Amino acid sequence: MAGKAREKLSRKVYEDELLRLQTELVKLQEWVRSEGARLVVVFEGRDAAGKGGTIKRVAEHLNPRVARIAALPKPSDRERTQWYFQRYVEHLPAAGEIVLFDRSWYNRAGVEHVMGFCTKEEHQLFLRQCPIFERMLVEDGILLRKYWFSVSDTEQQDRFRRRLEDPLRRWKLSAMDLESLTRWEAYSRAKDEMMVHTDIAEAPWYIVESDDKKRARLNMIAHLLDTVPYQDVPPPVLTLPERPESTGYVRTPRELQTYVPDHAAGL
């Protein structure tokens with residue numbers, strides 16, 4: 001269950017602080033690129049817990065060549081025969097990169113386990129290997145941050161209902177998402193067991209209370225910035241050059257090209 005409800009932030013307070021934090025994220029990005037650091041941020045939690053919206057705000061002003069989102073589809077037949085962590089390894093960052101995992105290898109501890117998509121033996125093997133895998137990442141110098149977005153059962157149900165009624169967000173819902181409502185306790189037990197095995201000193205879990213999406217976004221981003229020892233990297237000095245004199249170029253006549261109709265003119 002998420003924490004006690006608090007007074008909602010005003011839109012102005014939220015937007016002003018989000019902009020300030022996003023400005024710091026750009027500084028973090030430039031530090032990662034300058035220092036050749038490697039940053040992995042794992043976003044986990046129940047369906048409709050607010051992970052996607054937070055990832056969107058984190059990445060909104062970042063360079064997609066530096067910071068990318070890894071949202072892997074279900075494994076292929078070939079990937080099912082690989083070592084479980086193998087397909088995630090290829091998405092890990094190289095020097096100067098940030099990877100935001102919109103769900104991650106923890107699928108095996110959650111949906112795969114609860115829905116019966118893996119065997120009990122595969123689940124137990126994951127719980128044994130995951131701490132070892134993450135220690136290897138940290139020992140190799142990767143900055144690993146893991147966030148669990150905690151949403152209450154009533155708030156999750158309300159968000160599902162709003163998605164069902166909103167044609168712009170209906171695509172976010174699947175039959176499996178709705179089935180998670182009937183398996184609330186099973187997911188809770190799976191999460192608790194996962195935490196026992198994978199909340200390790202080298203890569204601890206950080207819980208984000210997310211019944212209030214705006215607070216969750218600000219809290220998560222502020223925490224990430226506080227835990228990474230980034231510094232402000234001075235940008236290169238750039239000067240806008242003067243436009244050179246024309247050498248006789250003549251633009252192609254409009255009637256020889258096909259333009260998009262001016263839809264906006266009819267509004």
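Worth saying up front: this structure is predicted, and the values here are computed from it rather than measured. (Residues numbered from 1 in each chain as written. Predicted model: local features only at pLDDT ≥ 70, side-chain atom pairs only at ≥ 80, totals over all residues. Heavy atoms only, no water.)

Caption draft 1: Representation of the overall build of the protein chain. Looking only at helices and strands, the protein chain features nine helices and five strands. Reading the protein chain from its N terminus to its C terminus gives the helix and strand order α-β-α-β-α-β-α-α-β-α-α-α-β-α. Counting only C-alpha atoms and orienting by the principal axes, one finds that the protein chain spans roughly 75 × 50 × 45 Å. Buried positions account for 40% of the 267 residues belonging to the protein chain. Pairs at least 24 apart in sequence give 79% of the contacts found in the protein chain among residues at least 6 apart. If you sum the accessible surface of the protein chain, you get close to 16,700 Å²; carbon and sulfur atoms cover 53% of it. Taking the average place of the 43 positive charges on the side chains of the protein chain and the average place of its 42 negative ones, the gap between the two points comes to 3 Å. (Helix = DSSP H or I, 4+ residues; strand = E, 2+ residues; numbered from the N terminus. Buried < 20%, exposed > 50% of the residue type's maximum accessible area, 1.4 Å probe, protein only. Contact = heavy atoms within 4.5 Å. Areas by Shrake-Rupley, 256 points an atom, 1.4 Å probe, with all protein chains shown as cover. Lys, Arg positive; Asp, Glu negative; His and termini not counted. Charge placed at Lys NZ, Arg CZ, Asp CG, Glu CD.)

Caption draft 2: Spotlight on the packing of helix H6 (residues 153-165) against helix H7 (residues 175-182). Orientation of H6 relative to H7, taken along the N-to-C sense of each, is 150°, at an axis distance of 11 Å. By the criterion of interaxial angle, the relationship of H6 to H7 is roughly antiparallel. The handedness of the crossing between H6 and H7 comes out as left-handed. Along the contact surface, H6 presents Gln156, Gln157 and Phe160, while H7 presents Asp177, Leu178, Ser180 and Leu181. Of the residues assigned to the contact of H6 with H7, the class counts are three nonpolar, three polar and one charged. (Axes fitted to C-alpha atoms, helices over the stretch in contact; angles between N-to-C directions. Parallel < 35°, antiparallel > 145°, perpendicular 65-115°, else oblique. Left-handed = near helix turned anticlockwise from the far one by under 90°. Nonpolar A, V, L, I, M, F, W, Y, C, P; charged D, E, K, R; others polar.)

Caption draft 3: Region of the structure containing the packing of aromatic side chains. With the rule as written, the count across this model stands at 17 aromatic pairs. Seen from their ring centres, Tyr84 and Phe85 are 5.5 Å apart, and the 75° between their planes marks the pair as edge-to-face. Overall, Tyr84 belongs to the buried group, its relative accessible area being 15%. Among the aromatic residues, ring-to-ring pairing joins Trp83, Tyr84, Phe85, Tyr88, Phe101, Trp105, Tyr106, Phe126, Phe133, Trp148 and Trp205 into one connected group. Taking NZ or CZ as reference, Arg87 lies 5.2 Å from the ring centre of Tyr88, over its face. The side chain of Lys214 reaches across the aromatic face of Tyr14, ending 5.5 Å from its centre. (Phe/Tyr/Trp six-rings, centres within 6.5 Å; stacked < 30°, edge-to-face > 60°. Lys NZ or Arg CZ within 6 Å of the ring centre and 35° of its normal.)

Caption draft 4: Structural view of the sheet that holds strand S2 (residues 67-70). Read across the sheet, five strands follow the order S2-S3-S1-S4-S5 without closing on themselves; strand pairing throughout is parallel. The open sheet has two edge strands, S2 and strand S5 (205-209), and neither has a second partner. The mean angle between the axes of side-by-side strands here comes to 20°, regardless of whether they run parallel or antiparallel. The sheet contact formed by strand S1 (residues 38-45) and strand S3 (residues 97-102) spans six bridges and is parallel. Its bridge partner being in S3, Val41 is matched across the sheet by Leu100. The strands touched by helix H9 (residues 213-227) within the sheet are S1, strand S4 (143-150) and S5, with S4 carrying the most contacts at an inclination of about 160°. (Pairing = 2+ DSSP bridges.)

Caption draft 5: Region of interest: helix H8 (residues 184-198). Its 15 residues place the ends of H8 21 Å apart at the C-alpha level, agreeing with the 21 Å of an ideal helix rising 1.5 Å per residue. Those residues of H8 not exposed but buried are Trp184, Tyr187, Ser188, Ala190, Met194, Met195 and Thr198. Burial along H8 is one-sided: seen end-on, the buried residues are contained in an arc of 165°. For H8, the exposed residues set more than 90 degrees away from the buried face come down to Glu185, Arg189 and Val196. (Expected span 1.5 Å × (residues − 1). Arc of directions from axis to C-beta.)

Caption draft 6: Fine view of unusual backbone geometry. At Ala48, a position not held by glycine, the phi torsion is positive, near 65°. Since its relative accessible area comes to 6%, Ala48 is described here as buried. Phi at Arg103 is positive, roughly 70°, even though this residue is not glycine. Along the chain, Arg103 falls in the loop between S3 and helix H4 (111-114).

Caption draft 7: Molecular detail of the nonpolar core. Within the largest apolar cluster, 32 residues are counted, with the highest numbers of intra-cluster contacts made by Leu28 and Met220. Mapped onto this core, the elements with two or more residues apiece are helix H1 (11-35), S1, helix H2 (51-59), S3, S4 and H9. It is H1 that provides the largest number of residues to this core, a total of seven residues. Those residues within four positions of Met220 in sequence are excluded, and the remaining contacts are Val41, Phe43, Thr54, Val58, Tyr147, Phe149 and Val208. The next biggest cluster of nonpolar side chains, apart from the first, holds 25 residues, and it includes Ala109, Cys130, Trp148 and Met194. (Core = buried A, V, L, I, M, F, W, Y, C linked by side-chain atoms within 4.5 Å.)

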